[in-house]
Amino acid sequence: MCIFAPMKTNVNLQPYNSFGFNAIAKYFAEINEIQQLEELIISDVFKNEKHLILSGGNNILFQSEFFDGLVIHINTKGIKILKEDENEVVVRAQAGEDWPDFVRFTIEKGWFGLENLAHIPGKVGAAPVQNIGAYGMELKDSFLQCEAIHLETGEKRVFKKEECAFGYRNSIFKNELKGQYVITSLDFLLQKQAELKLEYGNIKAYLSEHGIKNPTLLQLHDAICAIRDAKLPDVKQIGNAGSFFKNPVIEKVQFEALQKAYPNIPHYDGPNSKVKVPAGWLIEQAGWKGWRNEHVGVYDKQALVLVHYGDGTGHDIVELAQRIQASVEAKFGIRISPEVNFV
Ligand SMILES: Cc1cc2nc3c(=O)[nH]c(=O)nc-3n(C[C@H](O)[C@H](O)[C@H](O)COP(=O)(O)OP(=O)(O)OC[C@H]3O[C@@H](n4cnc5c(N)ncnc54)[C@H](O)[C@@H]3O)c2cc1C
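Residues numbered from 1 in each chain as written. Predicted model: local features only at pLDDT ≥ 70, side-chain atom pairs only at ≥ 80, totals over all residues. Heavy atoms only, no water.

**Considering the overall build of the protein chain**
Line of reasoning, step 1. The helix and strand inventory of the protein chain stands at eight helices and 19 strands.
Line of reasoning, step 2. What you see for the protein chain is a C-alpha radius of gyration of 21 Å, in line with the 20 Å of a compact globule of 343 residues.
Line of reasoning, step 3. Classification of the 343 residues of the protein chain by burial places 48% in the buried group.
Line of reasoning, step 4. Of the contacts formed within the protein chain by residues at least 6 apart in sequence, a portion of 61% connects residues at least 24 apart.
Line of reasoning, step 5. For the protein chain, the exposed surface amounts to about 16,500 Å²; the carbon and sulfur share of it is 47%.
Line of reasoning, step 6. Put simply, the protein chain has 37 plus and 43 minus side-chain charges, and the middle of one group is 3 Å from the middle of the other. (Helix = DSSP H or I, 4+ residues; strand = E, 2+ residues; numbered from the N terminus. Rg over C-alpha atoms; globule rule 2.2 N^0.38 Å. Buried < 20%, exposed > 50% of the residue type's maximum accessible area, 1.4 Å probe, protein only. Contact = heavy atoms within 4.5 Å. Areas by Shrake-Rupley, 256 points an atom, 1.4 Å probe, with all protein chains shown as cover. Lys, Arg positive; Asp, Glu negative; His and termini not counted. Charge placed at Lys NZ, Arg CZ, Asp CG, Glu CD.)

Set out below in structure tokens:
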């Protein structure tokens, strides 16, 4: 039976991107069943137009007001337990499931592994693309495998964790295979008993302020949601895409030289004996925190977040990001690069 994806033309993507920029898509197809995707990729529109995979649009910057191609919006639903014993569970979620709702579902079941990733906006299928992370946890820590469909050949493929080249806000899907595969489902291995990770950010301070000594999974989940709400702008009020830049990882010698000039420079251990420096601190030191014009700016509570106050365009954010990059580089000799996907 054919269940064609309803194809629309000239669709404004404003409700589909968390910056809230206007961008008209020439074609827009919503995928509610995998079969619709299989049919879409043999259609003439698909063959003749460039395409963009769009899930929740929380990590995308539309640079222009027209997307001259086909937007494939993934909205498939379903959560299924594949295996369970007294210690662990393997659970599968379809790509279009809402990530925060899925995390909440696992918490309510009493499963450990995704709790520190609570409240990260987006859909399940986009989570491996940049190996989402927060509060000392990354998607890869409990990711088993994902299933994906190749957009040119229609081939279905399973990617095991080792094949995904996960790194800091990075994966094979953001590099070599960018735009080539639609991730259709993810399998997670979650634990029924585990230590909670409380050392990151201000989790401990929050719990102690609220008189919570030995938090339950649910209390930790709720604490992280509250901390995030206090720190990050609500996309329904102020357009943004979370952290706009990645934290740069620099050589130890460069860091030591910087530390002489800035003894209080915050830092963390990076991979291969390198040092990770918070991009938000660099941007703040370069004087950008709270900067704004009529349309866009740098969030006053967190300099890593670029915001859209209304009636701006993606180009305004691009210009601002370039000015920030130039001034951080001039002051510290460090080139910061965007985490957000430019379209
Ligand atoms: C307020 C706020 C806070 C945030 N906090 C964090 C945070 O703490 N940690 C963090 O890591 N991120 C954070 N983010 C970024 C964002 O939430 C994540 O990157 C999230 O995974 C994006 O999901 P999405 O569904 O919105 O993806 P989209 O923005 O729609 O897509 C992101 C990228 O993935 C591709 N893609 C999407 N779906 C698929 C698919 N099914 N198959 C293949 N490719 C696909 C898209 O083409 C695009 O390149 C934050 C964003 C906001 C707005």
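Still more to cover.
**A closer look at the site of the ligand**
Line of reasoning, step 1. Surveying the vicinity of the ligand reveals 32 residues, the closest of which are I53, S55, N58, P121 and G133.
Line of reasoning, step 2. Between the ligand and N59, the relevant distance is 2.9 Å, taken from an oxygen atom to a main-chain nitrogen or oxygen of the residue.
Line of reasoning, step 3. One of the backbone N or O atoms of K123 is found 2.8 Å from an oxygen atom in the ligand.
Line of reasoning, step 4. Compared with its free state, where it exposes 990 Å², the ligand has 93% of that area covered by protein.
Line of reasoning, step 5. Elements represented by at least two residues in the shell around the ligand include exactly β3 (50–54), β8 (133–134), β12 (181–191) and β13 (239–243).
Line of reasoning, step 6. Per-class residue counts for the shell around the ligand are 15 nonpolar, 13 polar and four charged. (Near = heavy atom within 4 Å. Polar contact = N/O pair within 3.5 Å; in protein donor to acceptor, adjacent residues only side chain to side chain. Nonpolar A, V, L, I, M, F, W, Y, C, P; charged D, E, K, R; others polar.)

**Thoughts on the packing of helix α3 (residues 99–109) against helix α5 (residues 217–231)**
Line of reasoning, step 1. Orientation of α3 relative to α5, taken along the N-to-C sense of each, is 155°, at an axis distance of 9 Å. With respect to α5, the axis of α3 lies roughly antiparallel. The segment α3 lies against α5, with V103, R104 and I107 engaging L217, L218, H221 and D222.
Line of reasoning, step 2. The class makeup of the residues in the contact of α3 with α5 is four nonpolar, one polar and two charged. (Axes fitted to C-alpha atoms, helices over the stretch in contact; angles between N-to-C directions. Parallel < 35°, antiparallel > 145°, perpendicular 65-115°, else oblique.)

**Some words on unusual backbone geometry**
Line of reasoning, step 1. Within the chain, N10 stands out as a residue other than glycine whose phi angle is a positive 50°.
Line of reasoning, step 2. Checked against the element boundaries, N10 lands in strand β1 (residues 7–12).
Line of reasoning, step 3. Judged by its relative accessible area of 54%, N10 is exposed.
Line of reasoning, step 4. The backbone of S273 sits at a positive phi, close to 60°, despite the residue not being glycine.
Line of reasoning, step 5. Within the secondary structure, S273 is located in the loop between β15 (268–269) and β16 (275–276).
Line of reasoning, step 6. Residue class for S273 comes out exposed when judged on its relative accessible area of 62%.

**Considering the layout of surface pockets**
Line of reasoning, step 1. Put simply, the second largest pocket is a space of about 160 Å³.
Line of reasoning, step 2. Considering the residues around the second largest pocket, the lining is formed by 13 residues, among which F112, G113, M137, D141 and S142 are closest to the centre.
Line of reasoning, step 3. For the lining of the second largest pocket, the element with the most residues is β12, which contributes three residues. (1 Å grid on protein atoms, 1.4 Å probe; cavity = no way out; pocket = protein on both sides within 12 Å on 5 of 7 lines; lining within 4 Å. Points joined across faces, edges and corners; volume = space filled by probe spheres on them.)

**Here we look at the environment of Q180**
Line of reasoning, step 1. Here Q180 lies in the loop between β11 (156–160) and β12.
Line of reasoning, step 2. For the pair Q180 and L61, spaced 119 residues apart in the sequence, the C-alpha separation amounts to 19 Å.
Line of reasoning, step 3. The contact partners of Q180, leaving out residues within four places of it in the chain, are I149, H150 and L151.
Line of reasoning, step 4. From its side chain, Q180 meets the backbone oxygen of E176 in a polar contact 3.2 Å long.

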